[in-house]
Every structure is written in C-alpha cells, then in structure tokens.
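Residue strings, one per chain:
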Amino acid sequence: MTLVNVWCGATTPDSVRVVAKVTGSSTRLVVATHAALTSPTFYGPVTHTAHGIAALTETGLAAHTRYYYAIEDDSVRDETYPGQFLTHPAPGSLSTFTIAMATCGGLNPLYPGEGAVVNPTRMTNHPVFSSIRNRAIAEGWLQFIHGGD
C-alpha cells in the first residue's frame, strides 16, 4: 500500500470527511483522541475509485474535540502521513475559535510546485504551508480554508 496524499475537511460538531489517494484496494480510516492512535475507532472499509481515491466520512464524534487519524489500506496502516482535526463546537454553545484562510500558495520560480506544469496533480511546495500547519496546531485553530490558486 502506498498513500499518495490525504486531506480532511467538512468537519461538523460530530463528523469529518477524509479523502485519500491510495494504491491498495480496501481502505479504512483509523481515528482516536490520542496522537498514538491508541484504542482507535475504524471506519470503512471502502473501495476506492478507478483513480485510487478513497472517501470516508466518520460520524458520531464528540463536539469540540481534537482527533488524530491515519489511513489503513489493505490492512497496512500508513505512518508517514498522520493527521488531526478539531470538530466544531456544539450548535448553540458559546465558543471561541480561530478560522484562517489563505490563497495563492506558490508556483513561482523559488517554489514552482511539484508535478506537471499544467496538471491537476500538481502540488504546491511553498514553505508557508508548514508554518500554517505548525501555528494551527500550536494555537488550536478550528479550521483552515485554502481558497485555491
């Protein structure tokens, strides 16, 4: 199994959607409230598309809780790309949270991206995304929105 990339989004107070590009055939989502993924809950398995895309929606989560996740494909857990997310506060509850947004992540001579020049698989490699990720985790941001390039 090879995990090519993974992202999560569409968080609500009790759910999240995780999408991954994989090379295997049967994919599960591994979720826990601890970074070590101890005592995890498994969602799936799902069969991926002809292009290797596996989409998993997890429900029944606790509101305003940090979760950690990994992708398991063909019974092999990927340890390279672990992720985390924060569910939204419960509706009607008083909450304080941060939502951040950025656009235009690169494709310049210093950070030209990776992949074919005009191709939907091209990925930005600008270091600002590492800064955003580190700050979001350190400050407990609820959500980051990427407006595209």
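Preceding this section is the structure that the text describes.
Here we summarise the structure given alongside this text.

Here is what the cut-offs are and how they apply
Residues numbered from 1 in each chain as written. Predicted model: local features only at pLDDT ≥ 70, side-chain atom pairs only at ≥ 80, totals over all residues. Heavy atoms only, no water. Helix = DSSP H or I, 4+ residues; strand = E, 2+ residues; numbered from the N terminus. Contact = heavy atoms within 4.5 Å. Areas by Shrake-Rupley, 256 points an atom, 1.4 Å probe, with all protein chains shown as cover. Patch = residues over 30% accessible without salt bridge, like charges linked within 9 Å, V, L, I, M, F, W, Y side chains within 5 Å. Salt bridge = Lys/Arg side-chain N within 4 Å of Asp/Glu carboxyl O. Buried < 20%, exposed > 50% of the residue type's maximum accessible area, 1.4 Å probe, protein only.

The next point concerns the overall build of the protein. In terms of regular secondary structure, the protein is built from one helix and ten strands. Going from N to C terminus, the protein has its helices and strands arranged as β-β-β-β-β-β-β-β-β-α-β. Expressed as a percentage of contacts within the protein between residues at least 6 apart in sequence, the contacts between residues at least 24 apart total 59%. Accessible area of the protein: about 8800 Å², with a carbon and sulfur share of 56%.

What follows deals with a nonpolar patch on the surface. Taken together, the side chains of Phe97, Ile99, Met101 and Ile145 make up a nonpolar region of the molecular surface, amounting to roughly 380 Å² of accessible area. Of note, Ile145 is situated in strand 10 (residues 143-146). For Ile145, a relative accessible area of 35% gives the class partly exposed.

Considering all chains together, one arrives at two salt bridges under this definition. Glu72 is the partner of Arg28 in a salt bridge, and the nearest nitrogen-oxygen pair spans 2.8 Å. Placement of the pair is Arg28 in strand 3 (residues 27-32) and Glu72 in strand 6 (residues 66-73), with a sequence separation of 44 residues. Looking at Arg28, the relative accessible area reads 25%, which means it is partly exposed.

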